[in-house]
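Here is how the chains run, residue by residue.
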Amino acid sequence: MILYRIAQATARGLAPLIGRLEVEGVGRIPKTGPFLLVANHQSVLDPILIQAVCPRPVHTMAKSTQFASPVFAWLMPRLLSFPVRRYEIDPQAVRYALRTLERGEPVGIYAEGERSWDGRLQPPRLGTLRLILKAGVPVVPCTIDGAYDVWPRWDRRPRRAKIRITFGDPLTFPKLETRAEREAHLDEVGRVLMSALAEPLEGARELPVVASAQAIRRHD
């Protein structure tokens, strides 16, 4: 945890180098108990900045390839990251997330599962929606805007721009025990979640924020 706090302080100290960082809604984060922090994903900077400004330590899903080298395999868990295999069902990652929530600790996950290709919101991964309904804990939507302008996907170096992070009001969804029940609620959960993430975005960027479960199955 000491390394986590050092990384937080370092990230906050270096943030002005990439531009002005604005943070809204920190008071909406539950002070105690478990919750899912569900964010959009614009840039490689997102986990660094979001965890830097979130007052509670958050265990965050990260793609398993980031744990490939010995250095990162040692470092990532100490920054409270845990691996998830992308583009496939990963029961181990789900179990880790649920156990962490059962201990009363927050878990972070990116709704879209990967960085945006154009700065716009992408449809949510079904795995994200299923985890929400399986966990039955408050969901805090976290919208990051401007990170794509600072460091878009595939660019080699960042640029300066304003970044705004907004923590929304916690959302409440039912805890559903069976897969059939969860599948029946995916469309509604996806609509509510992505609408909450889209609301703080400047001009909404004409975002395709709602997609049916049938339309997004190709992403899972």
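Here the structure is a predicted model, which means the values were calculated and not measured.

For the rest of this paragraph, the subject is the confidence of the model for the protein. For the protein, the mean per-residue pLDDT works out to 90, and 91% of the residues sit at or above 70. A low-confidence stretch, residues 204-219 (pLDDT under 50), is modelled with 34 contacts involving residues beyond four sequence positions or located in other chains.

Here the focus is the environment of Leu 80. Its location among the elements puts Leu 80 in the loop between helix H3 (70-78) and strand S4 (81-84). Taking the C-alpha atoms as reference points, Leu 80 and Val 107, 27 residues apart in sequence, are found 9.4 Å from one another. Not counting residues within four places of it along the chain, the set of residues in contact with Leu 80 comprises Met 1, Tyr 4, Pro 57, Val 58, His 59 and Thr 60.

What follows concerns the state of the cysteines. In this structure the tally under the stated criterion is zero disulfides. Of all cysteine sulfurs, the one in Cys 142 lies closest to Cys 54, which takes part in no disulfide; the gap is 7.8 Å. For Cys 54, a relative accessible area of 2% corresponds to the buried category. Given a relative accessible area of 0%, Cys 142 falls into the buried group.

The next subject is the nonpolar core. Ranked by size, the top nonpolar core spans 32 residues in total, and within it Leu 36, Met 61, Val 139 and Leu 193 carry the most contacts. Contributions of two or more residues to this core are made by strand S2 (36-39), S4, helix H4 (91-102), strand S5 (107-110), helix H5 (126-135) and helix H7 (179-198). Per-element accounting of this core gives the leading share, seven residues, to H7. If you look at the next biggest cluster of nonpolar residues, it comprises 23 residues, including Leu 37, Ile 50, Tyr 110 and Ile 163.

Attention now moves to the pairing of S4. As judged from the four bridges shared by strand S3 (residues 59-63) and S4, these two strands associate in the parallel manner. Bridge pairing links Met 61 to Phe 82 in S4. Taken together, S3, H3 and S4 form a β-α-β motif whose crossover is right-handed.

Reading the values: the criteria
- Residues numbered from 1 in each chain as written.
- Predicted model: local features only at pLDDT ≥ 70, side-chain atom pairs only at ≥ 80, totals over all residues.
- Heavy atoms only, no water.
- pLDDT = per-residue confidence, 0-100.
- Contact = heavy atoms within 4.5 Å.
- Helix = DSSP H or I, 4+ residues; strand = E, 2+ residues; numbered from the N terminus.
- Disulfide = S-S within 2.5 Å.
- Buried < 20%, exposed > 50% of the residue type's maximum accessible area, 1.4 Å probe, protein only.
- Core = buried A, V, L, I, M, F, W, Y, C linked by side-chain atoms within 4.5 Å.
- Pairing = 2+ DSSP bridges.
- Right-handed = clockwise from strand over helix to strand, strands pointing away.

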